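Structure at a glance
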There are 2 protein chains.
Amino acid sequence: MRLLVIGGVAAGLSAASRARRIDRRLEIVVLERGEAVSWAACGLPYYIEGQVRDLDELILHTSEYFASQRGIQVRTGAEVAHIHHARREVTLTGGERVSYDRLVVATGARAGRLPGGGAAAPPVFTLQTLDEARRLKRFLEQGKPRRAAVIGASYIGLEAAGALRARGLSVTVLEAAPDVLGRHDPELTRRLARHLERHGVELRCQTPVQDVGSLGCDLAVVATGMAPNVELAAEAGAELGPTGAIRVDQHMETSLAEVWAAGDCAETTHLVTGRPAWIPLGSTANKMGRVAGANAAGARQRLAGVVGTSIVRVCGLAFAFTGLSAPDARQAGFEAVNARIEAADRAPYFWASPTSVELVADRRTGRLLGGAVTGEHGAAGRINVIAAAVTRRMTVDEFQELDLAYAPPYAPVWDPVLVAAQQLAKLLD
Amino acid sequence: MRLLVIGGVAAGLSAASRARRIDRRLEIVVLERGEAVSWAACGLPYYIEGQVRDLDELILHTSEYFASQRGIQVRTGAEVAHIHHARREVTLTGGERVSYDRLVVATGARAGRLPGGGAAAPPVFTLQTLDEARRLKRFLEQGKPRRAAVIGASYIGLEAAGALRARGLSVTVLEAAPDVLGRHDPELTRRLARHLERHGVELRCQTPVQDVGSLGCDLAVVATGMAPNVELAAEAGAELGPTGAIRVDQHMETSLAEVWAAGDCAETTHLVTGRPAWIPLGSTANKMGRVAGANAAGARQRLAGVVGTSIVRVCGLAFAFTGLSAPDARQAGFEAVNARIEAADRAPYFWASPTSVELVADRRTGRLLGGAVTGEHGAAGRINVIAAAVTRRMTVDEFQELDLAYAPPYAPVWDPVLVAAQQLAKLLD
């Protein structure tokens, strides 16, 4: 019995590793078209910025490790051209055929490409693979560029903008949508723009870019237009969902028998709206991969869904959110009420920095729908508490009572999330 | 209508301030026996260590502020000698009488005292008031002591030990109980002892101290034997609970009509056991005070209870816990199963430090009962997520699915709390 996994980064390797834990005798083969497996894509901006000195630091495990330690055969440079599901077989681009009994599709997503800007256009980079990062860094070191344009206020775009700014370049971020990070949240956009401005980075929203040549920059980084890699699965007959990504159920099963999908190529369910969502994040990818792998190996596990929790560090400050923004909540049919507070992130006498917390609730039920946190310290922990509360459908009153940790180096005696809940409770009264 | 509040620190001032919000016309009088009101008792160790340079930084608001901004009359140096509840009146130590219609008792707790050690004994300090902190700091600066003994591995004891060590003293912590921090948790004690040892502080548990003179030290800090200040309320007829603190219901009402109690002098309910608990912490005190004040002003609010979440920084490392330890859970009748993991607290390539997470669950139901986190970064946020889950009675399987924030500077792709939950889930299978 052979389990074949297409894709050897986050979801694919989570699936393969989990499958091995469930079934020690299964033959497991992973096909990765890139040069390396098990590497940390999220670390690329930190390689550009300099915290990560060598790309080898981002490689967690090698193919040899998977072979010898986990009994998983991982092939790099192996790009699948077609899935022939009727004969349980894939064809690689070189013509080689690989058969399977069960299949996990973890083909990921890709960044958009821009139409070529002509001979006069500056070099254009993406930041999706080790090789792309290497190329960009080499250009920064050798080409001595001064002005950079980042196309797309996505996670990778904003991290890249911070990295380029930290290296001394003048940076402009251009985003086609009205808001950043794919979230309909003008308040978040406003705060991020102000923070970037303070660090000398210009953010222009509602500014689609047609021609990189017109930007007057020495290089451009394209970090926009992410799309799920669904072509292989779709061609094989797997249904796509309303988001355009591969449709899966809670068990990560696709519409094809014995085919699971996980990670950035597949949909998941948003637990607040109950609707399909496409949330291409590393944390979600690993969770989905783990469930897909378990089930492909014969277990019966599930992932009910996610609440879209995420965090990004931009020029030293964390921007985090979870659940629905107020505008998104209204669009989903909730009667959204929101409150936002600014508070010290620790005891005021303990080198506190300001942190901002926003909470969103449904007026009819008092249920917490989402939140956002910005701050230098503790933002991850605070957004995670809100995420847990949103997941468990806590009301604002219940949330207010939470017994959170207090000590001067870590939080004020009323944690900012509780202060925000108190404010929101007043509006709901 | 006069609301009288006895005690002007955490719970008392939370109560007075909240009562003012609810009822603008109520007359509110706060009697505080100390020299200052609204000051941060939790900041005293940081004054000893030096982060807080001046005790004035710890004073949040003055009596004048409360009078002019909140219409609350706060009297310092006003010690209540008796409550005569039948005539709705208290007597101060100087003989003055103050009448009331409604009363909030927020008399706090006190540190234990040791029997005098004779003329040869070193000076003994406590660290409960501004004046005590001033005395200790003066002695450290003028007396040039070299060896300190800290009696009691309580929060304040451990913080004081860290502060004294940071000032260059040789420090020994002596604790009468087998474990630290009033929690039955040998694993926590072991980790804390090892950490202290690494920083040159010796921790001796099961070592009751009778005679400070025998310790061979130049000064002793007593931080043990905390007891609730219940005498005034008890003499007035208020019932005490099984913990020895003042019994209150969810509305902070005592057994006496129109008398509420809050903070370190009163009990609360432990939400995991459902039983009365005495948990003298600043965060709990403020929550209880807020509810007591609201209700004393005519509202109807409640605090269902707490889960005993706490965190303390000892020599740079956070030790945090919530809910029940495995031994406490067994004693409370649960079939406790626990798992503990060590993991990187951020992406491994982002200057990660090790963090340790322990989770405790009930085998029969899979319900999460408690947890502990140790680490340099993110421990507060992680314990708070566990606290929210324990409060909402999540199972380990539900907890495992939580959608927590991931970005390299803040967490690894699998947050350590999720890794701990995966381990625990295996044991529950």
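Before reading further, recall that the structure is shown in the block above.
Read on for a plain summary of the structure. Predicted model, so just to flag it, every value in this text is computed and none were measured.

1. Observations regarding the sheet that holds strand 21 (residues 354-362) of chain A
Strand pairing in a sheet relies on backbone hydrogen bonds, with the paired strands running either antiparallel or parallel. Residues and elements named next belong to chain A. Taken in spatial order, the five strands of this open sheet run 18-19-22-21-20, and their pairing is antiparallel. In this open sheet, the two strands that pair with only one neighbour each are strand 18 (310-314) and strand 20 (336-344). Direction aside, the axes of adjacent strands within the sheet are offset by 10 degrees on average. Pairing between strand 21 and strand 22 (residues 368-375): six bridges, direction antiparallel. Note on strand 22: the bridge partner recorded for leucine 359 is glycine 371. Contacting strand 18 and strand 19 (317-323), helix 5 (residues 155-166) crosses the sheet at an angle of about 20 degrees to strand 18. This element, helix 6 (residues 186-198), spans strand 18, strand 19, strand 20, strand 21 and strand 22 of the sheet and lies at about 170 degrees to strand 19.

2. Observations regarding the environment of A:Cys315
Residues and elements named next belong to chain A. Position of cysteine 315 relative to the elements: it lies in the loop between strand 18 and strand 19. C-alpha of cysteine 315 to C-alpha of phenylalanine 66: the two residues are 249 residues apart in sequence and 36 Å apart in space. For cysteine 315, the residues in contact, after removing those within four places along its chain, are Gly162, His195, Leu196 and His199.

3. Some points on the sheet that holds strand 22 (residues 368-375) of chain B
Residues and elements named next belong to chain B. What the five strands build is an open sheet, ordered 18-19-22-21-20; its pairing is antiparallel. Lying at the two open borders of the sheet, with one neighbouring strand each, are strand 18 (310-314) and strand 20 (336-344). Each adjacent strand pair in this sheet contributes to an overall mean axis angle of 10 degrees, direction not counted. The sheet contacts of helix 6 (residues 186-198) involve strand 18, strand 19 (317-323), strand 20, strand 21 (354-362) and strand 22, and relative to strand 19 the element is tilted by about 170 degrees. The strands touched by helix 12 (residues 416-428) within the sheet are strand 20, strand 21 and strand 22, with strand 20 carrying the most contacts at an inclination of about 145 degrees.

4. Describing the interface of chain A and chain B
Taken together, the contact pairs 63 residues of chain A with 63 residues of chain B. At the boundary of chain A and chain B, one finds four salt bridges. Note that A:Arg302 and B:Glu401 form a salt bridge whose closest N and O atoms lie 3.3 Å from each other. Our count for the contact surface shared by chain A and chain B stands at 21 residue pairs in polar contact (both at pLDDT 80 or more). Elements supplying a minimum of two residues to the side of chain A that touches chain B: helix 1 (10-22), helix 8 (282-296), strand 18, strand 19, helix 10 (379-391), helix 11 (396-400) and helix 12 (416-428) of chain A. In terms of residues, the side of chain A that touches chain B owes the most to one element, helix 10 of chain A, which gives eight residues. Partitioned by chemical class, the residues of the side of chain A that touches chain B number 35 nonpolar, 16 polar and 12 charged.

5. Some details on the relation of the copies chain A and chain B
Once chain A has been moved 0.0 Å along the axis and rotated by 180 degrees, it coincides with chain B to within an RMSD of 0.0 Å. One copy is carried onto the other by what is essentially a two-fold rotation axis. Within chain A, the C-alpha atom positioned nearest to the axis of rotation is that of A:Gly381, 1.7 Å from it. Most of the interface of chain A is mirrored in chain B: 100% of its interface residues are interface residues there too.

6. Remarks on the nonpolar core
Nonpolar side chains in soluble globular proteins tend to be buried together. The biggest cluster of nonpolar side chains holds 91 residues, and the ones touching the most others in it are A:Phe399 and B:Phe399. Excluding anything up to four places from it in sequence, B:Phe399 contacts B:Leu359, B:Leu368, B:Val385, B:Ile386, B:Ala389, B:Met394, B:Val417, B:Leu418 and B:Ala421.

7. Digging into the side chain of A:Glu159
Residues and elements named next belong to chain A. Note that glutamate 159 resides in helix 5. We note that glutamate 159 is buried and unpaired, the nearest opposite charge coming from arginine 313 at a distance of 7.7 Å. Once you skip the residues sitting within four places of it in the chain, glutamate 159 turns out to touch Pro45, Tyr46, Val312 and Arg313.

8. Some remarks on the packing of aromatic side chains
The final tally for this structure, using the stated rule, is eight aromatic pairs over all chains. An angle of 85 degrees between the planes, with centres 5.5 Å apart, marks the rings of A:Tyr65 and A:Phe66 as edge-to-face. Taken together through their ring pairs, the aromatic side chains of A:Tyr46, B:Phe350 and B:Trp351 make up a single cluster. Directly above the ring of B:Trp414 sits A:Arg290, whose terminal nitrogen or CZ lies 5.8 Å from the centroid. Directly above the ring of B:Tyr47 sits B:Lys137, whose terminal nitrogen or CZ lies 4.1 Å from the centroid.

The rules behind these values
Residues numbered from 1 in each chain as written. Chains lettered and ligands numbered in written order. Predicted model: local features only at pLDDT ≥ 70, side-chain atom pairs only at ≥ 80, totals over all residues. Heavy atoms only, no water. Pairing = 2+ DSSP bridges. Helix = DSSP H or I, 4+ residues; strand = E, 2+ residues; numbered from the N terminus. Axes fitted to C-alpha atoms, helices over the stretch in contact; angles between N-to-C directions. Contact = heavy atoms within 4.5 Å. Salt bridge = Lys/Arg side-chain N within 4 Å of Asp/Glu carboxyl O. Polar contact = N/O pair within 3.5 Å; in protein donor to acceptor, adjacent residues only side chain to side chain. Nonpolar A, V, L, I, M, F, W, Y, C, P; charged D, E, K, R; others polar. Least-squares fit on C-alpha atoms with pLDDT ≥ 70 in both. Core = buried A, V, L, I, M, F, W, Y, C linked by side-chain atoms within 4.5 Å. Buried < 20%, exposed > 50% of the residue type's maximum accessible area, 1.4 Å probe, protein only. Lys, Arg positive; Asp, Glu negative; His and termini not counted. Phe/Tyr/Trp six-rings, centres within 6.5 Å; stacked < 30°, edge-to-face > 60°. Lys NZ or Arg CZ within 6 Å of the ring centre and 35° of its normal.

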